[in-house]
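Architecture at a glance
Single-letter residue listing:
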Amino acid sequence: MTRSSTLPNDLALSIISRFERAERDRGTWESHWEEIAKRVLPRYSQSFASGTATATHGAKKTDEMYDATAALALPKFAAAMESMLTPRGSRWHGLRPLDGILRRNRSARIYFDQATDALFRYRYSPRAGYASQQHEIYIALGAFGTGAMFVDQLDKRYGGGLRYRALHLSEIYFLENHQGIIDTALRKFPLTARQAIQRYGEDSLPNEIVDTVKDGKNDEKEFWFIHCVKPREEAEGFDPERLDVRGMAYASFTVSVAHKTMVREGGFNTFPYPISRYVVGPGETYGRSPAMMALPAIKVLNEEKKTVLKQGHRVVDPVLLTHDDGVLDGFSMRPGTLNPGGVTADGRPLVHALPTGNLSLAKEMMQDEQLVINDAFLVTLFQILVQTPQMTATEVLERAREKGALLSPTMGRQQSEFLGPLIERELDVLSQQDLLPPMPGIVQQALGEFEIVYESPLSRAQRAEQATGLLQIVNWMREGIAVTNDPSPMDWIDWDMAVPELADISAVPARWIHDPETVTQIRKSRAEQAQAQQMVDAAPAAAGVMKAMNG
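Structure report, in brief. For clarity, every value in this text was computed on a predicted model and none was experimentally measured.

Turning next to the packing of helix α9 (residues 295-316) against helix α10 (residues 359-376). Two numbers describe how α9 lies on α10: the axes approach to 10 Å, and their chain directions differ by 155 degrees. Classified by the angle between their axes, α9 and α10 sit roughly antiparallel to one another. Between α9 and α10 lies a crossing of left-handed hand. Judged by residue contacts, Ala-297, Ile-298, Val-300, Leu-301, Glu-304, Lys-305, Val-308, Gln-311, Gly-312 and Val-315 of α9 engage Leu-359, Ala-362, Met-365, Met-366, Glu-369, Gln-370, Val-372 and Ile-373 from α10. Classifying every residue of the contact of α9 with α10 by side-chain character gives 12 nonpolar, 3 polar and 3 charged.

What follows is about the sheet that holds strand β5 (residues 182-192). Strand pairing in a sheet takes place through backbone hydrogen bonds and is either antiparallel or parallel in direction. With respect to topology, 5 strands assemble into an open sheet ordered β4-β5-β6-β7-β8, the strand pairing being antiparallel. Edge positions in the sheet fall to β4 (172-176) and β8 (261-268), since each of these pairs with one other strand and no more. Between one strand and the next, the sheet's axes are offset by a mean angle of 15 degrees, whatever the strand orientation. When β4 meets β5, the two strands line up antiparallel, connected through 5 bridges. Within β5, the position partnered with Glu-176 by the bridge is Ile-182.

Moving on: the pattern of salt bridges. Pairing is possible between side chains of opposite charge, provided their charged atoms come close. Tallied over the entire structure, the rule returns 22 salt bridges. Among the salt bridges present, the one from Arg-43 reaches Glu-136, with a minimum N-O distance of 3.2 Å. Here the residue Arg-43 occupies a position in the loop between α2 (27-39) and α3 (69-85), and Glu-136 occupies one in helix α5 (residues 130-144), the gap between them amounting to 93 residues. Residues Arg-96 and Glu-451 are paired through a salt bridge, measuring 2.5 Å at the closest nitrogen-oxygen approach. Here the residue Arg-96 occupies a position in strand β1 (residues 93-97), and Glu-451 occupies one in strand β12 (residues 450-454), the gap between them amounting to 355 residues. For Arg-96, a relative accessible area of 23% puts it in the partly exposed group. A single network of salt bridges, built from pairs that share partners, joins Glu-176, Arg-277, Arg-413 and Glu-417.

Right, let's get into the sheet that holds strand β2 (residues 146-153). With antiparallel pairing, the 3 strands of this open sheet are ordered in space as β3-β2-β9. Two strands lie at the open edges of the sheet, namely β3 (162-167) and β9 (275-277), each paired on one side alone. For this sheet, the mean inter-axis angle between neighbouring strands, taken without regard to orientation, is 20 degrees. Across 6 bridges, β2 lies against β3 in antiparallel orientation. Counterpart to Ala-148 in the pairing with β3 is Leu-167. On top of the sheet, α5 reaches β2, β3 and β9; it is set at about 160 degrees to β2, its chief contact.

To continue, consider α9. Its 22 residues place the ends of α9 31 Å apart at the C-alpha level, agreeing with the 32 Å of an ideal helix rising 1.5 Å per residue. Taken together, the buried positions of α9 are Leu-295, Ala-297, Ile-298, Leu-301, Asn-302, Glu-304, Val-308, Gln-311 and Gly-312. Those residues of α9 hidden inside the fold are in contact with α2, α3, α8 (290-293) and α10.

Put simply, helix α6 (residues 193-200) and helix α7 (residues 207-215) touch, their axes get as near as 9 Å, and they point 115 degrees apart. With respect to each other, α6 and α7 are oriented roughly perpendicular. Handedness of the α6/α7 crossing: left-handed. Facing Ala-193, Arg-194, Ala-196 and Ile-197 of α6, the residues of α7 in contact are Ile-209, Val-210, Thr-212 and Val-213. Per-class residue counts for the contact of α6 with α7 are 6 nonpolar, 1 polar and 1 charged.

Turning our attention to the side chain of His-168. Within the element layout of this structure, His-168 appears in the loop between β3 and β4. A polar contact of 2.8 Å, which involves the side chain of His-168, links it to the side chain of Ser-47. Polar contacts involving the side chain of His-168 include one to the main-chain amide nitrogen of Ser-170, which spans 2.9 Å. Not counting the four nearest positions on each side in its chain, His-168 is found in contact with Tyr-44, Ser-47 and Phe-48.

Reading guide: rules and limits
- Residues numbered from 1 in each chain as written.
- Predicted model: local features only at pLDDT ≥ 70, side-chain atom pairs only at ≥ 80, totals over all residues.
- Heavy atoms only, no water.
- Axes fitted to C-alpha atoms, helices over the stretch in contact; angles between N-to-C directions.
- Helix = DSSP H or I, 4+ residues; strand = E, 2+ residues; numbered from the N terminus.
- Parallel < 35°, antiparallel > 145°, perpendicular 65-115°, else oblique.
- Left-handed = near helix turned anticlockwise from the far one by under 90°.
- Contact = heavy atoms within 4.5 Å.
- Nonpolar A, V, L, I, M, F, W, Y, C, P; charged D, E, K, R; others polar.
- Pairing = 2+ DSSP bridges.
- Salt bridge = Lys/Arg side-chain N within 4 Å of Asp/Glu carboxyl O.
- Buried < 20%, exposed > 50% of the residue type's maximum accessible area, 1.4 Å probe, protein only.
- Expected span 1.5 Å × (residues − 1).
- Polar contact = N/O pair within 3.5 Å; in protein donor to acceptor, adjacent residues only side chain to side chain.

The structure is reproduced here in structure tokens:
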């Protein structure tokens, strides 16, 4: 008997139709990605056709790659992005209250510090898989200009927390809203019959899938599913007052493709597919990459490498030119062989090597293309500090500032479009599992509103300019005071405002900094101690005056 829950329905058909349109519209992108994969990321080659197995597992995929410059530059690009945005082993972002007044509240600042600590603890836990999946995102970003991540709860049997998965572009399609924000994702993926039952349960699946496992004949047979996530207002039954999935911001639908039936309906408070794009062309949805910009140089370098290989072969094993007189028919190229008749009676050789051209010029031409490729992948930019170790500390800081300025547009897009939604999604997942610290009442009254403060090396370098400017003017004032003995220039500095912000710029934990009330109390105690000391110091003189007056 067919289950009523697995009958075809209009919503499932609509989702499948929407996916097919998205699939058709992306054909040009996939051919472009395939061309890049063959020359830059061979392990991705022949893998962009959605829903099909076009590649043989373990097959050699480097047949069209003669030069490995781009393929070697890509991991360096990913490492550079990671070091400047999400460096492992350091706290590359923080949370703080959105309200400026609340930022001065010690309990609020400590709460957001604790929430940040919880984020990093679960994000980098062994079972979360964040570090490896984030690296794959940066690889895809450098090669194809687009990377997609799925952020979900870690299975409760592993203790809960966060789980990350970098998605191959062949299985994820996404759409923008009217403001250019990605708010819809369509993901097509295969599951074996056994995996489908584990994930969705027998009651939600068509009979064919369930019977495949019960028969015990082919429980590893694969079936295709589509996961659609879109704004809830586009779905039926939206009610913002409800506390179940119908009141969540995003609707989630899973459809069996072959059976055109709805398998699961759910929802998300936050978009579960953070999308990373390097740069976006006018009117385009998918990103463009450094590899796309350097593709002409990559192609030229490949052709030059083929030519140099042929030329080098001729140099090492030259083509011989001989006089056609029949004398050299038995000519031997073996070492130590004597070839009578190879020269004339006066010693003029009858055999000459074919000229092979200028190898050094070819190498210079290749180096020009390699420089272009390395520039596109930011390799030369990050070699500055390594290649000039004799720089002073001031020069190093200035180079770092210049590097930050050059990378600022690229990093800004990653922070606003990818990392921001990623962090919001992580907080939502942890909150649903009650894995965040208890929220103080004052933060609850402010509705828990917060902002993300990026503390990566790039962000710190950009924010450090404010601190550097203050320290420069203070040093200038000190020199002036030493000459004039006039301390009044220091009166222009509001230290009560500057010190907390300097601590924030330098990523000093809030629990290490006193709140304003404590600082006021410390100053009051110090003033009282100073007053008491003055009285003690003045006591002998006062006693002497009294004695003189009485005498």
